[in-house]
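Listed below, chain by chain, are the residues.
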Amino acid sequence: MNYSNSSNLLCNGTANKHLDVLQAVNYEISWVYQVVYVLAAFTGLSLNMCFILVFMATSSLRTVMNQFLVSLALADSLNSVIAMIFLPFPTEEKAAWLCGLKGLIGCCSMMAQVMSILLVTFDRFISIVFPFNYTTWVTQRWVNFTISAAWLYTVIVGSFGGIQCLQAWYPGGKCVITEIVAAWYNTVYIIHYVGLFIIMAFAYGKIGSIVLHHRRQIAAAVAPEQAASEDLKIQLKVTKDVFVVVCTSMFCLGLIPIHLMLYHVTNLPLPKMRLVRNFFMLSNCIFDPIIYFLRFKDFQSAFKSIVGRIVNPHQN
């Protein structure tokens, strides 16, 4: 199918408007970069799966917040999988369904990361700003609903990208998701990232003001009042650790909306920036689980216990 003549509703006249420029770009990448990229993807997948397995094997870790972190780990794992399967450079897919599959998984992985970070942020916001309502509002049923709804939304949005890639493919064409999908679809992703940044700025700004107020109260409080604030102190410690995770993710993922905006403004595919963007996305998949195990002592203890049982199964 000749893409320039496509008349489907999803892509009509808007997608891959820089096709001629794209085909003229040399996407050759050194084999060293390719090997490092695949190894990094495998490392990210292994670390996130390790985090998920520790969570599943340890009942004490199955808290509400940790379930949201597992959702983020699943999103990072999905991103690592697509990196290993499709590599960091465009390929001339042999069939339309391969390009469509690449678009589906790629779009879902990016949106899943955004939605998972949003869920973690909402959880921390409610726990600090509305501490007395947290246990009644954030029930297990609510957690199951929000995580399921977020992933369903992710699949729906990602399906639009997959369908556009499927319809836009033609023999010999390079399957580059951001160049294939329609301009409005890239705009949707930009809006999601910008919206997430605004929500995070508001939520953690509010939490920061509560932290300052809490410290002033502790400084002037007597012993009974200090004891009463211990629960809030614990929640603030957890929130601080989560803040490190989400800020790292937003820093690494921030190049995505920047690249998409520059691509539409300059009318150039910017292949080198694409490589840097992809590498930062992959780095995020490695940093997140490392931060989990470094910042959350319960996961450290559970991991050491599991490894100990594997190494010495007869140990009590």
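So, a few notes on the structure that sits alongside this text.

What counts and what doesn't
Residues numbered from 1 in each chain as written. Predicted model: local features only at pLDDT ≥ 70, side-chain atom pairs only at ≥ 80, totals over all residues. Heavy atoms only, no water. Helix = DSSP H or I, 4+ residues; strand = E, 2+ residues; numbered from the N terminus. Buried < 20%, exposed > 50% of the residue type's maximum accessible area, 1.4 Å probe, protein only. Contact = heavy atoms within 4.5 Å. Areas by Shrake-Rupley, 256 points an atom, 1.4 Å probe, with all protein chains shown as cover. Axes fitted to C-alpha atoms, helices over the stretch in contact; angles between N-to-C directions. Parallel < 35°, antiparallel > 145°, perpendicular 65-115°, else oblique. Nonpolar A, V, L, I, M, F, W, Y, C, P; charged D, E, K, R; others polar. Left-handed = near helix turned anticlockwise from the far one by under 90°. Expected span 1.5 Å × (residues − 1). Patch = residues over 30% accessible without salt bridge, like charges linked within 9 Å, V, L, I, M, F, W, Y side chains within 5 Å. Salt bridge = Lys/Arg side-chain N within 4 Å of Asp/Glu carboxyl O. Polar contact = N/O pair within 3.5 Å; in protein donor to acceptor, adjacent residues only side chain to side chain.

### A word on the overall build of the protein
When its secondary structure is counted, the protein shows 13 helices and zero strands. When the helices and strands of the protein are listed from N to C terminus, the series reads α-α-α-α-α-α-α-α-α-α-α-α-α. Counting all 316 residues of the protein, 49% fall into the buried class. At a minimum sequence separation of 6, the contacts of the protein that also span at least 24 residues come to 81%. Taken as a whole, the protein presents about 15,900 Å² of accessible surface, with 70% of it coming from carbon and sulfur.

### Side note on the packing of helix α12 (residues 271-295) against helix α13 (residues 297-311)
Helix-helix packing: each pair is described by the crossing angle between the helix axes and the interaxial distance. As a packed pair, α12 and α13 sit with axes 5 Å apart at the nearest point and diverge in direction by 95°. Here α13 runs roughly perpendicular to α12, going by the angle between their axes. Across from Tyr 292, Phe 293, Leu 294 and Arg 295 in α12, the residues of α13 making contact are Lys 297, Phe 299, Gln 300 and Phe 303. A breakdown of the residues in the contact of α12 with α13 according to their chemical character gives five nonpolar, one polar and two charged.

### Remarks on the packing of helix α11 (residues 255-266) against α12
For the pair α11 and α12, the least separation of the axes is 9 Å and the interaxial angle reads 160°. It follows that α11 is roughly antiparallel to α12 by the angle criterion. Relative to α12, the crossing made by α11 is left-handed. Facing Leu 255, Ile 256, Ile 258, His 259, Leu 260 and Leu 262 of α11, the residues of α12 in contact are Met 273, Arg 274, Val 276, Arg 277, Phe 280 and Met 281. By residue class, the composition of the contact of α11 with α12 is nine nonpolar, one polar and two charged.

### Observations concerning helix α4 (residues 96-129)
End to end, α4 covers 49 Å across 34 residues, agreeing with the expected 50 Å (1.5 Å per residue, within 8%). Within α4, 28 of the 34 residues are buried, which leaves the element mostly enclosed by the surrounding structure.

### Comments concerning a nonpolar patch on the surface
A cluster of nonpolar side chains, namely Leu 152, Ile 156, Phe 160 and Trp 184, defines an oily patch on the protein surface of about 390 Å² accessible area. It is helix α6 (residues 140-168) that provides the largest number of residues to the nonpolar patch, a total of three residues. With respect to the element layout, Phe 160 can be found in helix α6. Owing to a relative accessible area of 36%, Phe 160 belongs among the partly exposed residues under this scheme.

### What about the environment of Val 211?
Following the sequence through the fold, Val 211 ends up in helix α8 (residues 183-220). A sequence separation of 83 residues divides Val 211 from Ile 128, and the C-alpha atoms of the two residues are 9.1 Å apart.

### Considerations on the side chain of Asp 123
Residue placement: Asp 123 occurs in helix α4. One polar contact links Asp 123 to Tyr 134, side chain to side chain, over a distance of 2.6 Å. Beyond its immediate stretch of four places on either side in the chain, Asp 123 contacts Val 64, Met 65, Phe 68, Tyr 134 and Val 138.

### Examining the environment of Ile 82
Here Ile 82 is to be found in helix α3 (residues 64-86). Between the alpha carbons of Ile 82 and Ser 109 there is a distance of 8.2 Å; along the sequence they are 27 residues apart.

### Quick word on α6
Along its 29 residues, α6 runs 42 Å from first to last C-alpha, staying within 8% of the 42 Å computed at 1.5 Å per residue. The complete set of buried residues in α6 reads Val 143, Thr 146, Ile 147, Ala 150, Thr 154, Val 157, Gly 158, Gly 161, Gly 162, Gln 164, Cys 165 and Ala 168.

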